Amino acid sequence: MNPGAYLKSHLGLVLSLLGTLALLTFVMEVAGGRSFALLGLIIGSVGLVCGLSLDYLAHRGWWRRLERLPRELDNPRLVAALTEAPGFAEGDVAYEAIAASNKSASDEVAAARRQMSDYERYVEMWVHEVKTPLAAVHLTVENLMADPAEAQADPARLDSIDAGLRRIEGYVDQALYVARSETLEADYLIRSHRVGDVVKAALKANARELIAAHMAPRLGEGMDLTVLADDKWLGFVLGQFLQNSIRYLREDAEGGAQVSFSARVEGEGLASECVVLVVRDNGCGVSPAELPRVFERGFTGANGRTHKGATGLGLWLAKMLCEKMGLSISADSREGAWFEVSIAFPTNKMHYVE
């Protein structure tokens, strides 16, 4: 609070005191002459200025701190906790109002967190429960496919059922990762991994879909580089990229449908040094207008309208998980030619310390 704001807030009091001083000066001039009145005016003016100044200085520190804290804090709800009771009437009223508002907001946040925690536990329980019958049906299909008589009876139908089950399993896993994304810190372990090992694990997990889509994987340079990451979460993220590549492949692509992996070091020797993993396919790509939106939740674009099964969740979830693990992610594309996603892994271990 500056002096101008203080005088404005006490304008009524100041005008009242000035009026009283003027009236007192007039009475003293009538009763004792002009010199006596002038002396009273000087004493009264000095007393008025000193009184207002002392009052302003006594309150200025608390008001200025209250004005500064919301700009300095990342969470304005901490203002009440970091502010002491001022000890004067106006400040006490403001302090009590802030404290009451903060308590209400904190209660609402706590209730929302409890609700989110309950929802997360429910989804995890649901996922684990639904996986049991899925695994049983999947095992039955594998047994039928292993039986020569059954496999020859209707192999296309069995393959279709098996593919459908795998898609359901993929969506169930996706739901589980969405539910756990808010508490990711309690479920991942950062370790050093070879890029090639993580890529091969992701390819193996999606091998059946890649084979069915006749999509050939290509491993380029940089597969011997090491990155700091959680292999399970990173494998899931790479799986989302592969599923997108399969969904949006081009049948007429030169050399057939392909997805390639490569890695390189950027900013070597600098504090910003990182390993960049690039996943590129030769699918239909996206237009320049849609490229900035590919990581938005639920965005499928023009391709999503022509390809069944597009949910717009895969890249959104991949970006969210990468950001929570401290990794940066970006995309580039040329419509009708290729689409690529890049993940940057900081090489500085301090980057991962909470």
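Just so it is clear, the model here is predicted, and its values are computed rather than measured.

Participant: Let's hear about the overall build of the protein: which residues, and what values?
Facilitator: Scanning the protein from terminus to terminus reveals eleven helices and seven strands. Put simply, the protein has 354 residues, and 35% of those count as buried. Relative to all contacts within the protein whose residues are 6 or more apart in sequence, the contacts with residues 24 or more apart total 68%. When the accessible surface of the protein is split by element, carbon and sulfur atoms take 58% of a total near 21,100 Å².

Participant: Let's hear about a nonpolar patch on the surface: which residues, and what values?
Facilitator: Together, Leu-38, Leu-41, Ile-42 and Val-46 give the surface a local cluster of nonpolar side chains, amounting to about 340 Å² of exposed area. Within the secondary structure, Leu-38 sits in helix H3 (residues 34-72).

Participant: Outline the environment of Pro-346, supporting the account with residue identities and numerical values.
Facilitator: Structurally, Pro-346 can be placed in strand E7 (residues 338-346). Between the alpha carbons of Pro-346 and Val-275 there is a distance of 6.5 Å; along the sequence they are 71 residues apart.

Participant: Got a sec to walk through helix H9 (residues 231-247)? Specific residues and values, please.
Facilitator: The end-to-end C-alpha distance of H9 is 24 Å, a good match for the 24 Å that 17 residues give at a rise of 1.5 Å each. Here H9 lies mainly inside the structure; twelve of its 17 residues are buried. Listing the buried residues of H9 in full gives Trp-233, Leu-234, Phe-236, Val-237, Leu-238, Gly-239, Gln-240, Phe-241, Leu-242, Asn-244, Ser-245 and Ile-246. By the N-cap criterion, in which a side-chain oxygen at the helix start approaches the backbone nitrogen of a residue two or three places on, H9 is capped by Asp-230, the distance to Lys-232 being 2.9 Å.

Participant: Quick one: what's the story with the packing of aromatic side chains, residue by residue and with numbers?
Facilitator: Taken as a whole and judged by the stated rule, the model has zero aromatic pairs. Here Arg-280 stacks its cationic end above the ring of Trp-338, 3.8 Å away from the centre of that ring.

Participant: Quick rundown of helix H11 (residues 314-324)? Include the residues and the values.
Facilitator: Extensive coverage of H11 is indicated by the burial of eight of its eleven residues. Of the residues making up H11, those classed as buried are Gly-314, Leu-315, Trp-316, Leu-317, Ala-318, Met-320, Leu-321 and Cys-322. Gly-326 sits one or two residues past H11 and shows a positive phi near 80°.

Participant: Kindly report on the nonpolar core, identifying the contributing residues and their values.
Facilitator: Of all hydrophobic cores here, the largest spans 47 residues; its most connected members are Leu-238, Phe-241 and Ile-343. Mapped onto this core, the elements with two or more residues apiece are helix H7 (195-205), strand E3 (226-229), H9, strand E4 (258-266), strand E5 (274-281), H11 and E7. In terms of residue count, H9 provides more of this core than any other element does, eight residues in total. Filtering out sequence-adjacent residues up to four positions away, Leu-238 remains in contact with Val-198, Val-199, Ala-202, Leu-277 and Val-279. Core analysis: the second largest hydrophobic core is formed by seven residues, Leu-134, Val-141, Leu-165 and Val-172 among them.

Participant: Before we move on, could you go through unusual backbone geometry and cite the residues and values that matter?
Facilitator: The phi angle of most residues is negative, glycine excepted, and most peptide bonds adopt the trans form. Look at His-214: it is not a glycine, yet its phi comes out positive at around 55°. Tracing the chain through its elements places His-214 in the loop between helix H8 (207-212) and strand E2 (216-219). His-214 sits in the exposed class, given a relative accessible area of 67%.

Basis of the calculations
Residues numbered from 1 in each chain as written. Predicted model: local features only at pLDDT ≥ 70, side-chain atom pairs only at ≥ 80, totals over all residues. Heavy atoms only, no water. Helix = DSSP H or I, 4+ residues; strand = E, 2+ residues; numbered from the N terminus. Buried < 20%, exposed > 50% of the residue type's maximum accessible area, 1.4 Å probe, protein only. Contact = heavy atoms within 4.5 Å. Areas by Shrake-Rupley, 256 points an atom, 1.4 Å probe, with all protein chains shown as cover. Patch = residues over 30% accessible without salt bridge, like charges linked within 9 Å, V, L, I, M, F, W, Y side chains within 5 Å. Salt bridge = Lys/Arg side-chain N within 4 Å of Asp/Glu carboxyl O. Expected span 1.5 Å × (residues − 1). Polar contact = N/O pair within 3.5 Å; in protein donor to acceptor, adjacent residues only side chain to side chain. Phe/Tyr/Trp six-rings, centres within 6.5 Å; stacked < 30°, edge-to-face > 60°. Lys NZ or Arg CZ within 6 Å of the ring centre and 35° of its normal. Core = buried A, V, L, I, M, F, W, Y, C linked by side-chain atoms within 4.5 Å.

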